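These are the residues of each chain, in order.
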Amino acid sequence: MPIVNTQPEPTGSLEVALQHTAKLLEQEPQLAAEQAQAILEAVPNHPPAALLLASAKRRTGEEQAALDILEPLAASQPAWAAAHFELGLTYSALGQGDGAIQALKKTVELKEAHPEAWRLLADHLLATGDSAAGDAAYARHIRVSTRDPLLQQAAAAMLENDMPGAEGMLKKHLKAVPTDVPAIRMLAEVAVRCGKNQEAEQLLLRCLELAPSFAAARYNYAVLLQRRNDAAEALVEIERLLVDDPRSPSYRNLCAVILSRVGEFERSGKMYAELLAEYPSNAKVWLSYGHVLKTEGRRQECEDAYRKCIALNPGFGESYWSLANLKTFRFTPGDLARMREQLARTELSDEDRLHLHFALGKAAEDAGDHTEAFEHYDKGNATHRAGLSYDADMNTLRVNRLKKRFTPELFAARAGVGCDAPDPIFIVGMPRSGSTLLEQILSSHSAVEGTTELPDIISMAKDLREESGSNEIVAYADVLATKTDKQLRELGEKYIEDTRIHRKTDSPFFIDKMPNNFLHVGMIQLVLPNAKIIDARRHPLGCCFSNFKQYYARGQNFSYSLSDMGKFYRDYVDLMAHFDQVLPGRVHRVIYEDTVQDTEAMVRSVLDYCGLPFEEECLRFFENTRPVRTASSEQVRQPIYNQGVEQWRHYEQWLDPLKDALGETLDVYPAVPRF
């Protein structure tokens, strides 16, 4: 029955009773419930009394009883913000996140200046992976909770993405009030959005120094650490927050993300499953859960999760692409019809559109229609490329600068320095070059653990670049050259320590399969001179077109244009040829086509280079059940097949821009031209 007040409201004693009940809520919720019940017996269907009773029930742990009161109350009082807010709190307490989001959105729609509703809404939105909406809700919370006009203006500027304006106002405020921790946290958020991560870190540490219990700042710090690829420290911070607030949706979501990054897939999957019980209609959470299931090799459950995304949001292109990206998955005719129907929608976002193009390209290729496949791949790449600022010529300049910095003289002067740990085996090269297969083979050896594409070397280069004060990516090389022998050793030791969280066994060696580390071979030599470095190389057209067919969640911006790709591949070969010259014999090269042709010979060669005895298990790599996080995860769980070696030939008529960009690098493969 809807709760509607049909009686005139007596004043006097009723108002006094309501005020008394409201005062009891915080300290004596059970007494408050009894008082509210008494009021309702005297004045049935009285909305304020019903709200007080529901609030008291929630506070005494009777959430379902509270909900039974609130749902009809909110329905009968659609313009009453307080009822919808209490409903949001009760849904939150019951773990019904979807309901909480809707109730809180209704609250702020009715009462824009409701700081707690904005804060709680931000928490739920962040839990669903909607970081943009979550950040905006938190900015609204700041704007309506502060009375300082300057901070209100700064929050408004952040909402309008006016970062310079917000930065100026916040710095002006902090000059007058240097210990205002909410303002410091806001300035840190501005720094993050401007790409000033080091500055943001210092600001957040200052917040926590002044106010160690400032949970919002600690959460921001954990997010920043995770973005800076410091997963171990990020996990420490988020788990510290969870001790105080174990039910926080945003804390649990971030924890699940970090656990997945450090290889704790069972814990991550369990946390996602719990979140899905609270947000069953959120496609993004289902997608994240599907990714964890994929990594664990739980194929059917993974497909089911991706299909759940589609059922919830038919236009969610990433769900279709995630199915296609299993590589061995095949779409049904019904799937194809639904994808084409979504593509025809004019209001479909570019992000959803490009994902659908890549998925349809894969489907057409599987069906043998290479003309249609190329059309979709081309459209998907063009859509993504339009939003990038990648400069292929700038990449060539960077490679040339690295060649000039990493000279024989530099390596001779630093011979014998760095951390002497032999643990890492780096697999470098182009993406889609067979590196995941090589990792799977090597990790099947009893002395070698496979991890994943670890970000630590790239993070080290980024930290060194920030020391230079330059925005130029390879400025790190100049800083590295100034480091003392002791500092180089410490950098190597830091890498070993930071990557320990990814190691789950006591194997003496582990693999770091970040392909882009080919740009940092010189740094690896200086800080980890005993590490092994393997260059996984594949035919230029096969490798580059395989990249052209692949949509990456982030990075690899060179891969969305055939011309850019050819130039990048040429730069890669050029730089590796340089290291072959200045560090002869240091890098072991594996040609993908040779691996397919004679796997055992390749395995023996690689194991010899690594100083490891031959083991038959390396030839039965497809029986290895370890988690695999790359696009080839399903393929490397099967025996080697050679169908993909020359798959590019089906598309050769469209590859002239790629061939032109590759030049002599294509003509002499697998040999190397004279650059």
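Computed from a predicted model, the values in this text were never measured in an experiment.

**Quick look at the overall build of the protein chain**
Then, number 1: Secondary structure assignment for the protein chain yields 35 helices and five strands.
Then, number 2: Its C-alpha atoms give the protein chain a radius of gyration of 29 Å, near enough to 26 Å, the size a compact globule of 675 residues would have.
Then, number 3: Seen through its principal axes, the protein chain has C-alpha atoms that stretch 95 × 60 × 45 Å.
Then, number 4: Every one of the 675 residues in the protein chain was classed for burial, and the buried ones make up 57%.
Then, number 5: In the protein chain, 66% of the contacts between residues at least 6 apart in sequence involve partners at least 24 apart.

**Some details on the confidence of the model for the protein chain**
Then, number 1: Of the residues in the protein chain, 95% reach a pLDDT of 70 or more, and the chain-wide mean stands at 91.
Then, number 2: Scored below 50 in pLDDT, residues 1-11 makes 18 contacts in the model with residues more than four places away or belonging to other chains.

**Description of helix α26 (residues 456-468)**
Then, number 1: Spanning 13 residues, α26 covers 19 Å between terminal C-alpha atoms, matching the ideal 18 Å at 1.5 Å per step.
Then, number 2: All buried positions along α26 are accounted for by Asp456, Ile457, Ser459, Met460, Ala461, Leu464, Arg465 and Glu466.
Then, number 3: Looking at the buried positions of α26, the neighbouring elements they touch are α12 (197-210), β1 (424-429), α27 (475-481), α28 (485-498), β3 (509-512) and α29 (521-527).

**Regarding the pairing of strand β5 (residues 587-591)**
Then, number 1: A large share of β5 lies buried, amounting to four of its five residues.
Then, number 2: Across five bridges, strand β4 (residues 532-537) lies against β5 in parallel orientation. Bridged to isoleucine 533 within β5 is valine 587.

**With respect to the pattern of salt bridges**
Close approach of charged atoms allows side chains with opposite charge to pair.
Then, number 1: With the rule as written, the count across this model stands at 49 salt bridges.
Then, number 2: Its salt-bridge partner being lysine 567, residue aspartate 393 comes within 3.9 Å of it at the nearest N-O pair. Of this pair, aspartate 393 sits in helix α23 (residues 392-405) while lysine 567 sits in helix α31 (residues 562-582); the two residues are 174 residues apart in sequence, bridging distant segments of the chain.
Then, number 3: Judged by relative accessible area, which is 49%, aspartate 393 ranks as partly exposed.
Then, number 4: Residue glutamate 646 is joined to arginine 649 by a salt bridge in which the shortest nitrogen-to-oxygen separation is 2.9 Å.
Then, number 5: Residue classification places glutamate 646 among the partly exposed positions, given a relative accessible area of 42%.
Then, number 6: When salt bridges with common partners are traced through the structure, they connect Glu201, Arg228, Asp463 and Glu466 into a single cluster.

**Structural notes on the environment of lysine 549**
Then, number 1: Tracing the chain through its elements places lysine 549 in the loop between α30 (540-548) and α31.
Then, number 2: On the basis of relative accessible area, lysine 549 is assigned to the buried category, the value being 14%.
Then, number 3: At a separation of 3.0 Å, a polar atom in the side chain of lysine 549 contacts the side chain of glutamate 365.

**Describing the nonpolar core**
Then, number 1: Among the nonpolar cores identified, the biggest contains 195 residues, and Ile238, Phe331 and Phe406 are the most heavily contacted of them.
Then, number 2: A per-element tally of this core places α31 first, with ten residues.
Then, number 3: In this structure phenylalanine 406 touches Phe411, Tyr476, Ala477, Leu480, Gly522, Met523, Leu526, His578, Phe579 and Val582, once residues within four positions along its chain are discounted.
Then, number 4: One finds Ala33, Ala36, Ala56 and Leu67 within the second-largest nonpolar core, a separate group that totals 29 residues.

**Things to note about unusual backbone geometry**
Then, number 1: The peptide bond linking tyrosine 669 to proline 670 adopts the cis configuration, its omega dihedral lying at 5°.
Then, number 2: Here lysine 327, not a glycine, exhibits a phi torsion of approximately 70°, which is positive.
Then, number 3: Note that lysine 327 resides in the loop between α19 (317-324) and α20 (333-343).
Then, number 4: Taking relative accessible area as the criterion, lysine 327 reaches 12% and is therefore assigned buried.

**Here we look at the side chain of histidine 539**
Then, number 1: Relative to the assigned elements, histidine 539 resides in the loop between β4 and α30.
Then, number 2: A polar side-chain atom of histidine 539 sits 3.1 Å from the main-chain amide nitrogen of leucine 541.
Then, number 3: Leaving out residues up to four positions away in the same chain, histidine 539 has contacts with Tyr569, Glu593, Trp648, Leu666 and Tyr669.

**Concerning the pairing of β3**
Then, number 1: Where burial is concerned, the two faces of β3 agree: the one with Phe509 and Ile511 and the one with Phe510 and Asp512 are both buried.
Then, number 2: Here three bridges tie β1 to β3, and the two strands are oriented parallel to one another. Bridged to isoleucine 425 within β3 is isoleucine 511.
Then, number 3: Bridging between strand β2 (residues 448-452) and β3 involves four bridges; their strand directions are parallel. Bridge pairing links valine 448 to phenylalanine 509 in β3.

**Topic: the packing of aromatic side chains**
Geometrically, a pair of aromatic rings is defined through the distance of the ring centres and the angle of the planes.
Then, number 1: Within the structure shown, the criterion is met by 22 aromatic pairs.
Then, number 2: With 6.2 Å between their ring centres and 50° between their planes, phenylalanine 406 and phenylalanine 579 make a pair best called tilted. Residue phenylalanine 406 is found in the loop between α23 and α24 (408-413), and its partner phenylalanine 579 is found in helix α31; the two are separated by 173 residues along the sequence. Each member of the pair, phenylalanine 406 together with phenylalanine 579, is buried.
Then, number 3: Among the aromatic residues, those joined into a ring-pair cluster are Phe374, Tyr377, Phe545, Phe548, Tyr651 and Trp654.
Then, number 4: Here arginine 538 stacks its cationic end above the ring of tyrosine 592, 5.2 Å away from the centre of that ring.

**Considering the sheet that holds β3**
Then, number 1: The sheet built from five strands is open, its strands ordered β2-β3-β1-β4-β5 with parallel pairing. Both outer strands of the open sheet, β2 and β5, are each paired with one neighbouring strand and no more. Along the sheet, successive strands turn relative to each other by an average axial angle of 25°, direction set aside.
Then, number 2: The sheet strands contacting helix α25 (residues 435-443) are β1, β2, β3, β4 and β5, and the helix crosses β2 at an angle near 145°.

**Structural notes on the packing of helix α7 (residues 115-127) against helix α15 (residues 249-261)**
Then, number 1: Viewed as axis vectors pointing N to C, α7 and α15 meet at an angle of 25°, and their least axial separation amounts to 7 Å. The pairing of α7 with α15 is recorded here as roughly parallel in orientation. In terms of crossing hand, the pair formed by α7 and α15 is left-handed. Each of Asp123, His124, Leu126 and Ala127 in α7 lies in contact with α15, whose residues at this interface are Pro249, Ser250 and Asn253.
Then, number 2: Per-class residue counts for the contact of α7 with α15 are three nonpolar, three polar and one charged.

**A word on the state of the cysteines**
Then, number 1: Under the counting rule described, the total for this entry stands at zero disulfides.
Then, number 2: Here cysteine 419 stays free of any disulfide, with the sulfur of cysteine 610 as its closest cysteine sulfur at 17 Å.
Then, number 3: In this structure cysteine 544 is not part of a disulfide, and its nearest cysteine sulfur, from cysteine 543, lies 5.3 Å away.
Then, number 4: Note on cysteine 544: relative accessible area 0%, which makes it buried.

**Section: the packing of helix α11 (residues 181-193) against helix α13 (residues 215-227)**
Then, number 1: Interhelical geometry of α11 versus α13 gives an angle of 20° and a closest axis separation of 10 Å. With respect to each other, α11 and α13 are oriented roughly parallel. Handedness of the crossing formed by α11 with α13: left-handed. Taking contact as the criterion, the partners of Arg185, Glu189 and Val192 in α11 are, on α13, Ala216, Ala217, Asn220, Leu224 and Arg227.

What counts, and at which threshold
Residues numbered from 1 in each chain as written. Predicted model: local features only at pLDDT ≥ 70, side-chain atom pairs only at ≥ 80, totals over all residues. Heavy atoms only, no water. Helix = DSSP H or I, 4+ residues; strand = E, 2+ residues; numbered from the N terminus. Rg over C-alpha atoms; globule rule 2.2 N^0.38 Å. Buried < 20%, exposed > 50% of the residue type's maximum accessible area, 1.4 Å probe, protein only. Contact = heavy atoms within 4.5 Å. pLDDT = per-residue confidence, 0-100. Expected span 1.5 Å × (residues − 1). Pairing = 2+ DSSP bridges. Salt bridge = Lys/Arg side-chain N within 4 Å of Asp/Glu carboxyl O. Polar contact = N/O pair within 3.5 Å; in protein donor to acceptor, adjacent residues only side chain to side chain. Core = buried A, V, L, I, M, F, W, Y, C linked by side-chain atoms within 4.5 Å. Phe/Tyr/Trp six-rings, centres within 6.5 Å; stacked < 30°, edge-to-face > 60°. Lys NZ or Arg CZ within 6 Å of the ring centre and 35° of its normal. Axes fitted to C-alpha atoms, helices over the stretch in contact; angles between N-to-C directions. Parallel < 35°, antiparallel > 145°, perpendicular 65-115°, else oblique. Left-handed = near helix turned anticlockwise from the far one by under 90°. Nonpolar A, V, L, I, M, F, W, Y, C, P; charged D, E, K, R; others polar. Disulfide = S-S within 2.5 Å.

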